[in-house]
Every structure is written in structure tokens, then in C-alpha cells.
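Understanding the architecture of this molecule
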Amino acid sequence: MGARRWSSGAPAVFFAMELSLLSLLAATLFVGLATGLVFTFAVVVMPGLRSLPDGDFLRAFQVMDRIIQDNDPRFLLVWVGSVLSLVAAAFVQAPILDGVPRALLFAALALYLLGVQLPTFLVNVPLNNRLQALDLATLDGEALAAARAKFEARWVFWNAFRTGCGLLTTALLLAVLVLR
């Protein structure tokens, strides 16, 4: 490959283009990883827990959620990184993209914030917090069944919703990468 010829300002333009691509790749990676997390809960974790008795189901979920609530740095990197990288990519890409790719990127941003993050903080996290507050050892069988009934179906529904929105967001970001 021959040496590149730069006109005045070309290195800055090249750097901006590379930064722009890296921002979009990072957003796609982190959104894909966060989506993979909710997808795993939808297709493996919750179906696996479903077969457990009420007390075991509730305790197992408490233990898994405690890792998240204790701010595991790997989880935080992916979850917070998905939001920050997607917002950064939209900011960096806004002056560069136009037409369909730009519309797809902003659709992905809106879908991810409203379809994944918002339900997480309005529904799933409050359900998790209520479950964390339960002292399962003090509950009888009827109370355990009631606690599970208040938690499971709603949590599973909204997690499936988040999963669908996350998958669509990832597909939109991949389309932006192809079309840009």
C-alpha cells in the first residue's frame, strides 16, 4: 500500500472519521452486550428459575440481583457503557451522517433509551428492590407464593420487552454501520 497524500486539513478529517467510526463501533458493541444480558435472562435464566419452588426461585433471583446491586464493575462497564457510548456516537455522528443512516442512529438512540433503559428503571429495578427487601426466611409458603406472583410475570414481561427493543436497537446500529 502506498503512502497517503494529505491535503491541508486531511489528517484532522481522517482522525475525525476514525473517531466517528470508533464511537459507532463502541456503541454497537456495548448495546449488543447489554442486550445479550437481558436476552440471557429471557431465554436461559428465567426459564431455568421457573421450575424452582417459590422460596428457591425468590432466593436465587435475590442472589443474582445482589451482584448487580453491589455494582459489579463488569456489569457497570457494560450497562452504563451502553448508554454513554450510544449517546456519544449520536453526538459524534450527528454532523457527519445524513439521510437514512442518521435517522436510523437517532431511532436506535430513542428506542434504546425508551425501550431498554426506561423500563429497567421504572419497572425491573423497583421489582428487584422489593424482592431484595424481603426476608425470605420469615415467610411461609403462602407468602412466598404471593411474593413470587407479584414479581415474576411482570418482571419477565418487561424483560422480554427490553430484549426485543435491545435486539432492534442493535440491528439499527448494524444498519448504520453498513449504510454510513
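Structural data are supplied above this passage.
Structure report, in brief. Predicted model only: the values in this text are computed from it and were never measured.

With that out of the way, let us pick up the packing of helix 2 (residues 54-69) against helix 5 (residues 141-179). At a closest axis distance of 9 Å, the pairing of helix 2 and helix 5 adopts a crossing angle of 55°. In terms of their interaxial angle, helix 2 and helix 5 are classed as oblique. Note on packing geometry: the crossing formed by helix 2 with helix 5 is left-handed. Counted together, Asp54, Gly55, Phe57, Leu58 and Phe61 of helix 2 and Gly141, Leu144, Ala145, Ala147, Arg148, Phe151, Glu152 and Trp155 of helix 5 form the full contact between these two elements.

What follows is about the packing of helix 3 (residues 73-93) against helix 4 (residues 99-132). Remark: helix 3 packs on helix 4, axes separated minimally by 10 Å, with the N-to-C direction vectors making an angle of 155°. Put simply, helix 3 runs roughly antiparallel to helix 4. Helix 4 is crossed by helix 3, and the crossing has left-handed handedness. Residues Trp79, Ser82, Val83, Leu86, Val87, Ala89, Ala90 and Gln93 of helix 3 form the contact with helix 4, whose own contacting residues are Leu105, Phe106, Ala108, Leu109, Tyr112, Leu113, Val116, Gln117, Thr120 and Phe121. Here the contact of helix 3 with helix 4 is composed, by residue class, of 14 nonpolar, four polar and no charged.

This part takes up helix 4. In an α-helix there are 3.6 residues to a turn, and that puts residues three or four apart on one side. Taking 1.5 Å as the rise per residue, helix 4 with 34 residues should run 50 Å; its terminal C-alpha atoms sit 46 Å apart, in good agreement. The principal kink in helix 4, of about 50°, is found at Thr120.

As a further point, take the environment of Pro73. Looking at the secondary structure, you find Pro73 in helix 3. On the accessibility criterion, Pro73 (59% relative accessible area) is exposed. For the pair formed by Pro73 and Thr120, sequence separation is 47 residues and the distance between their alpha carbons is 18 Å.

Attention now goes to the nonpolar core. The biggest cluster of nonpolar side chains holds 22 residues, and the ones touching the most others in it are Leu24, Trp79, Leu86, Leu105, Tyr112, Leu173 and Val176. Put simply, the parts of the chain that give this core at least two residues each are helix 1 (10-50), helix 3, helix 4 and helix 5. Dropping the residues within four chain positions of it, Tyr112 is found in contact with Val31, Ala34, Ser82, Val83, Leu86, Gln117 and Thr169.

For the structure shown, the criterion picks out nine aromatic pairs. Summarising the aromatic geometry, the rings of Phe157 and Trp158 are spaced 5.2 Å apart at their centres and angled 90° between planes, so their arrangement reads as edge-to-face. Aromatic side chains Trp158 and Phe161 sit 5.1 Å apart centroid to centroid with 70° between the ring planes, which places their arrangement in the edge-to-face category. One end of the pair is Trp158 and the other is Phe161, both in helix 5 and three residues apart, which spans about a single turn. Residue classification places Trp158 among the partly exposed positions, given a relative accessible area of 25%. Joined through ring pairs, the aromatic side chains of Phe41, Phe57, Phe61, Phe151 and Trp155 make up one cluster. Above the ring of Phe57, the side-chain terminus of Arg148 is found at 4.1 Å from the ring centroid. The ring of Trp155 carries the charged tip of Arg162 above its face, separated from the ring centre by 5.6 Å.

Calculation rules
- Residues numbered from 1 in each chain as written.
- Predicted model: local features only at pLDDT ≥ 70, side-chain atom pairs only at ≥ 80, totals over all residues.
- Heavy atoms only, no water.
- Axes fitted to C-alpha atoms, helices over the stretch in contact; angles between N-to-C directions.
- Helix = DSSP H or I, 4+ residues; strand = E, 2+ residues; numbered from the N terminus.
- Parallel < 35°, antiparallel > 145°, perpendicular 65-115°, else oblique.
- Left-handed = near helix turned anticlockwise from the far one by under 90°.
- Contact = heavy atoms within 4.5 Å.
- Nonpolar A, V, L, I, M, F, W, Y, C, P; charged D, E, K, R; others polar.
- Expected span 1.5 Å × (residues − 1).
- Bend = angle between axes of the 7 residues up to and from the residue.
- Buried < 20%, exposed > 50% of the residue type's maximum accessible area, 1.4 Å probe, protein only.
- Core = buried A, V, L, I, M, F, W, Y, C linked by side-chain atoms within 4.5 Å.
- Phe/Tyr/Trp six-rings, centres within 6.5 Å; stacked < 30°, edge-to-face > 60°.
- Lys NZ or Arg CZ within 6 Å of the ring centre and 35° of its normal.

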